[in-house]
Amino acid sequence: MESNILKRLREWFKKNAATLPWRPADLDAPRDPYAVWISETMLQQTQVATVRDYFVKWMKRFPDIETLAKANEEEVFRYWQGLGYYSRARNILKTAKIVCESCSQAHIARCEMPRTRKELEALPGIGAYTAGAILSLAYHQKEAILDGNLVRIFARFYALDFLPTDKASAGKNETGKNESCAEAYWKYARKVADTPKAYMHNEALMELGRTVCKSKNPECANCPLNGGCRALAEGRTGEFPPKRKSAQREWRGTALVVESADGKLLAVSAGQPFLAGQATLPHFEHSRNATAGIPAEAEAYFNADNIASIRECGSFRHGITVHKIECKVLHVKLTTKAGKKIDPRFNATWVKKEAAAKKFANSFSLKAIKLAFR
Ligand code: SF4
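Throughout, residues of each chain are indexed from 1 in the direction in which the sequence is written. Side-chain atom pairs in this predicted model are given and counted only at pLDDT of 80 or more, local residue features only at pLDDT of at least 70, and totals for whole chains, interfaces and linings cover all residues. Only hydrogens and water are set aside; all other atoms, that is, all heavy atoms of the structure, feed into the side-chain values.

K.L.:
What is the right way to read the site of the ligand from this model?
P.N.:
Near, as used in this document, describes a residue that has one of its heavy atoms within 4 Å of the molecule or strand being considered. With respect to spatial proximity, the complete set of residues near the ligand consists of R156, C213, P218, C220, C223, N226, C229, L232 and T237. All amino acids are sorted into three groups, where Ala, Val, Leu, Ile, Met, Phe, Trp, Tyr, Cys and Pro are nonpolar, Asp, Glu, Lys and Arg are charged, and the leftover types, Gly among them, are polar. Among the residues making up the shell around the ligand, the classes are represented as 6 nonpolar, 2 polar and 1 charged.

If you want it as structure tokens, here you go:
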């Protein structure tokens, strides 16, 4: 972004910055890193309007990291109650304890959050975004921030027809190397971070995304970036960021109906791609064409010397969460009775064929069994 556009952004922010309990009146003042960390963590998946009151109550009870580190999980959860995603609260407490412990070992009198991205990102619950927010807003370091608001603004401003989560390459970078989509977005974020008063540009962009460059109906007439925005110039603001591609994933694999000589079927409840904790048929993703002979992955479940017969039984389609499954079925009849020791990773048991419908309580296994014994 050009310096004249960033100047307009700063002017806009000074006039329009909302009054928030975690934002001091002086927008140039370095912020309390502890307050930045708590507010940014609360704001993940929660609206500003909801977070305000929670933040005020939290800071009254836990005004600094040392007070927080001495609290117990039960009390911390009480102050978090209603914000949801309790893993955030659990991680906050863990991090407070880790930081205070290392400060006390280093004989640092006043405990504070670390000052490097590496140290911050090593702490529970602190990812690239929160680390960037602490370093930029509190320590005024030239560090990048990339949250959903900035992604939306960059996508529109630069007319980017991909998302940071897209797997394909975003194209060649300046050195001629392929650049991932995430890297392309971070590159724009770093350009903002590499400006004087980057802390204000970062915060202003977050605010702009929240209040002006909204997902629906961006208010381009009031936007300080409208002089350089490509999506606006091309009349295509509705096209950026591109819609998230279907999260559905293809999965092709094999399910094994392993039958012992005394008519029992092998059930496993661990070490499988799907249905952890449930009795299911052993299954694995194809790493090679499984139609010829026994797939190598199958050998974990039986000894090749004990096979009476192997029969291909066809395939079925199935859906589990985001996975679109196409699964081949192999019926493997053994020469030995049930009871052979199977690798403990799979938590294996043997189920009488007559009891299969009851024991395999998932349609993935039942479809495979039906194909094997039709
Ligand atoms: S001009 Fe419109 S689309 Fe472009 S950044 Fe501003 S609000 Fe968003």
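K.L.:
What should I look at first to understand the domain arrangement of the protein chain in this one?
P.N.:
Interfaces are often sized by the accessible area lost when the parts come together. Domain annotation for the protein chain reports domain 1 (3–239) and domain 2 (249–372). Bear in mind that the domain bounds are from an automatic or database domain assignment. Using only C-alpha atoms to locate each centre, domain 1 and domain 2 end up separated by 47 Å.

K.L.:
Whenever I open this one, the pattern of salt bridges confuses me. Can you help?
P.N.:
Side chains that differ in sign of charge can pair as their charged atoms come close. The term salt bridge refers to a side-chain nitrogen of Lys or Arg lying within 4 Å of a carboxyl oxygen of Asp or Glu. Within the structure shown, the criterion is met by 24 salt bridges. Of the charged contacts in the structure, one is a salt bridge between E239 and R236, with a shortest N-O distance of 3.0 Å. Salt-bridge contacts for E259 lead to K353; the nearest nitrogen and oxygen are separated by 3.0 Å. Placement of E259 in strand β3 (residues 249–259) and of K353 in the loop between β8 (348–352) and α13 (356–359) is noted, with a sequence separation of 94 residues between them. Think of it this way: any DSSP run of H or I at least four residues long counts as a helix, any run of E at least two long counts as a strand, and we number them from the N terminus.

K.L.:
Is there a simple way to explain the packing of helix α1 (residues 3–16) against helix α11 (residues 198–211) in this structure?
P.N.:
A packed helix pair is summarised by two numbers, namely the angle formed by the two axes and the spacing between the axes. All axes are obtained by fitting lines to C-alpha atoms, using only the stretch in contact for helices, and the reported angles, taken between N-to-C directions, cover 0 to 180 degrees. Orientation of α1 relative to α11, taken along the N-to-C sense of each, is 70°, at an axis distance of 9 Å. Between α1 and α11, the interaxial angle falls into the category roughly perpendicular. The interaxial crossing formed by α1 with α11 has left-handed handedness. Contact residues: L6, L9, R10, W12, F13, K14 and N16 in α1; M200, H201, E203, A204, L205, E207, L208 and T211 in α11. Our angle categories are set so that under 35 degrees counts as roughly parallel, over 145 as roughly antiparallel, 65 to 115 as roughly perpendicular, and the remainder as oblique. It is the rotation of the near helix from the far one that decides the hand of a crossing: anticlockwise by less than a right angle makes it left-handed, clockwise makes it right-handed. Any two residues whose heavy atoms approach within 4.5 Å are treated as being in contact.

K.L.:
Whenever I open this one, α1 confuses me. Can you help?
P.N.:
Residue pairs spaced three or four apart in an α-helix point in one direction, given the helix's 3.6 residues per turn. Here a helix's expected span is defined as the number of its residues, less one, multiplied by 1.5 Å. Compared with an ideal rise of 1.5 Å per residue, which puts 14 residues at 20 Å, α1 spans 20 Å between its outermost C-alpha atoms and is within 8% of the ideal. Taken as a whole, α1 has its buried residues at I5, L6, L9, W12 and F13. Within α1, the buried residues cover an arc of 120° as seen down the axis, which keeps them to one side. In α1, the exposed positions that point more than 90 degrees away from the buried face belong to S3, N4, K14 and K15. In this structure, the buried residues of α1 make contact with α9 (148–157) and α11. Accessible area is worked out with a 1.4 Å probe on protein chains only. A residue is then buried under 20% of its type maximum, exposed over 50%, and partly exposed in between. Along the arc lie the directions from the helix axis toward the C-beta atoms.

K.L.:
Hey, could you run me through the packing of aromatic side chains in this one?
P.N.:
Aromatic ring pairs are reported here in terms of the distance separating the ring centres and the angle at which the planes meet. Between rings of Phe, Tyr and Trp, where Trp is taken as its six-membered ring, a pair exists when centres lie within 6.5 Å; planes separated by under 30 degrees are stacked, by over 60 edge-to-face, and by other angles tilted. Per the counting criterion, the structure on display carries 14 aromatic pairs. Seen from their ring centres, F154 and Y158 are 6.2 Å apart, and the 45° between their planes marks the pair as tilted. The pair F154 / Y158 is uniform in exposure class, with both members buried. Pairwise contacts between aromatic rings join W58, F62, Y79 and W80 into one cluster. Here K187 stacks its cationic end above the ring of Y188, 5.7 Å away from the centre of that ring. The rule is short: NZ of Lys or CZ of Arg within 6 Å of the ring centre and within 35 degrees of the ring normal puts a charge over the ring.

K.L.:
Mind showing me how you'd approach the nonpolar core here?
P.N.:
Most often, soluble globular proteins keep nonpolar side chains buried together rather than apart. For the purposes of this section, nonpolar cores are sets of buried Ala, Val, Leu, Ile, Met, Phe, Trp, Tyr and Cys residues that join through side-chain atoms within 4.5 Å. W37, W58, L68, F154 and L225 are the most contacted members of the largest nonpolar core, which has 83 residues in total. Contact partners of F154, with chain neighbours within four places excluded, come to M1, L146, A159, L160, Y185, Y188, A189, V192 and L205. A255, L281, I320 and L371 belong to the second largest nonpolar core, which has 22 residues in total.

K.L.:
Hey, could you run me through α9 in this one?
P.N.:
α9 sits mainly inside the fold: 9 of its 10 residues count as buried. Within the sequence span of α9, burial applies to N149, L150, V151, R152, I153, F154, A155, R156 and F157. Its side-chain oxygen 3.1 Å from the backbone nitrogen of N149, D147 forms the N-cap of α9. For this analysis, a polar contact is any N or O atom pair within 3.5 Å, provided that within protein one partner can donate a hydrogen and the other can accept it, and provided that sequence-adjacent residues contribute only side-chain to side-chain pairs.

K.L.:
Looking at this structure, I do not really get the confidence of the model for the protein chain. What am I missing?
P.N.:
Close inspection of predicted coordinates is inappropriate in any region flagged by low pLDDT. As a per-residue quantity, pLDDT reports the predictor's confidence and falls between 0 and 100. Taken residue by residue, the protein chain gives an average pLDDT of 89. The fraction at 70 or more is 96%. Ignoring residues within four places in sequence, the model shows residues 288–292, a span with pLDDT below 50, making 8 contacts including any to other chains.

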